[in-house]
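A closer look at the structure
Residue-level listing of the chains:
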Amino acid sequence: MTLAERGTRSSFVRTRRTRGSEALRSLVRETRLDPASFVYPLFVVHGRGQRQPIASLPGQLRLSVDQLAAEAAELRALGVRAVLMFGVPATKDARGSEAYDDTGIVQQAARAMKAAAPDLAVIADVCLCEYTDHGHCGVLTALGEVDNDPSLELLARMSVSMARAGVDVVAPSDMMDGRVGAIRAALDAEGHPSLPIMAYSAKYASAFYGPFREAAHSTPAFGDRRGYQMDPPNVREALREVAADAAEGADIVMVKPALAYLDVIRAVRESTPLPLAAYNVSGEYAMLKAAAANGWLDERAATLETLTAIRRAGADIIITYHAKEAAHWLSER
Ligand code: PBG
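The structure displayed is predicted, hence computed values, not measured ones. (Residues numbered from 1 in each chain as written. Predicted model: local features only at pLDDT ≥ 70, side-chain atom pairs only at ≥ 80, totals over all residues. Heavy atoms only, no water.)

1. So, a positive patch on the surface
On the surface, R14, R16, R17 and R19 cluster together to form a positively charged patch. With respect to the secondary-structure elements, R17 resides in the loop between α1 (3-9) and α2 (22-27). (Patch = residues over 30% accessible without salt bridge, like charges linked within 9 Å, V, L, I, M, F, W, Y side chains within 5 Å. Areas by Shrake-Rupley, 256 points an atom, 1.4 Å probe, with all protein chains shown as cover. Salt bridge = Lys/Arg side-chain N within 4 Å of Asp/Glu carboxyl O. Lys, Arg positive; Asp, Glu negative; His and termini not counted. Charge placed at Lys NZ, Arg CZ, Asp CG, Glu CD. Helix = DSSP H or I, 4+ residues; strand = E, 2+ residues; numbered from the N terminus.)

What follows is the structure, encoded as structure tokens:
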């Protein structure tokens, strides 16, 4: 056989050549996980010595403020550098007053966290649903509809209060129109022009938030959130949301949930140069935990594969309840 004939015969593509060993696979690997891109969600409650398990989120706890220094130390040891804080208030009312009270639960928690661990980034979720007695993300009209423009003022007040408490980022998750601009204007006017906004830009009305609502006691008392959160079938609309938030001054944009929305993450990645976060939400976490508890999935492999997929789709930042265990597994590799 001539060399030319041999060349023809061996010229079909052999992609397996670079899969033969872990050393080669890791050389050609296109996506890597790094705990520095994880954000760990934290639920904070009033009281002392509180470490309340959350039934719908196995392994996650509601913590009181005195528990946060130890939590920060654990996160630092694992290489996780950012937390996203949600509050469970002492009292709820129609206008969500504790949300913008300087002594509110997240404000207390942020002060304690920044004192204990100044190098950990504290991101405050900005939304009224945990704080309103009706459980909606804004204030209501007389007819019981979520009233966009009057809600903006309260979200802006909440953001300024969080800034005063020393948070590093505010993250509006309410899905009111114009809130990024309203928050930016308020922060600038109150002396916080350098505080970044991470906007939950493409946040869908998803069934995968169920476990979170149990954790944060934020289930709407009536109706649902479809009048303000996005309709799951839409992707072009996500690009409009991102463009609007970018124009209003968002510094980081977000897609939420992550796993059933990898196509949205990819589309947003290609439409904006802004840093992109994806929220691997409570229902996504709970599904894996439930399957693992039944012995139906290899938990470690399935979790790392899931997080890798979110990065591969184009997310820079992953907000995930798996942050601590994933960081631990990555350190073992
Ligand atoms: C508040 C908020 C929600 C989540 C994050 N911020 C719940 C909701 O919109 O009902 C969900 C997070 C998760 O499911 O992990 N608006």
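2. Some remarks on the side chain of Q67
Position of Q67 among the secondary structure elements: in the loop between β3 (61-64) and α3 (68-78). A distance of 3.1 Å separates polar atoms of two side chains, one belonging to Q67 and the other to R51. Residues contacting Q67, with those up to four places away along its chain left out, are G49, Q50 and R51. (Polar contact = N/O pair within 3.5 Å; in protein donor to acceptor, adjacent residues only side chain to side chain. Contact = heavy atoms within 4.5 Å.)

3. Focus on the environment of A205
Examined against the element boundaries, A205 turns out to sit in the loop between β7 (198-203) and α7 (210-216). For the pair A205 and D224, spaced 19 residues apart in sequence, the C-alpha separation works out to 8.4 Å. Each residue touching A205, except ones within four places of it in the same chain, is listed here: R225, R226, Q229, M230 and P232.

4. Focus on the nonpolar core
Of all hydrophobic cores here, the largest spans 79 residues; its most connected members are F38, L68, V83, M113, V170 and I265. Of the residues forming this core, the biggest block, eight residues, is contributed by helix α5 (residues 148-164). Ignoring any residue separated from it by four or fewer positions in sequence, one finds M113 in contact with L42, L68, A72, V83, M85, P118, L120 and V122. With 25 residues, the next largest nonpolar core counts V169, A171, A215 and Y279 among its residues. (Core = buried A, V, L, I, M, F, W, Y, C linked by side-chain atoms within 4.5 Å. Buried < 20%, exposed > 50% of the residue type's maximum accessible area, 1.4 Å probe, protein only.)

5. Focus: the site of the ligand
In the vicinity of the ligand there are 19 residues, among which K203, R213, K256, S282 and Y321 approach most closely. K256 has a polar side-chain atom sitting 3.3 Å from a nitrogen atom of the ligand. Y321 has a polar side-chain atom sitting 2.6 Å from an oxygen atom of the ligand. In the complex, 100% of the free accessible area of the ligand, which totals 400 Å², lies under the protein chains. For the shell around the ligand, the residue count by class is 10 nonpolar, three polar and six charged. (Near = heavy atom within 4 Å. Nonpolar A, V, L, I, M, F, W, Y, C, P; charged D, E, K, R; others polar.)

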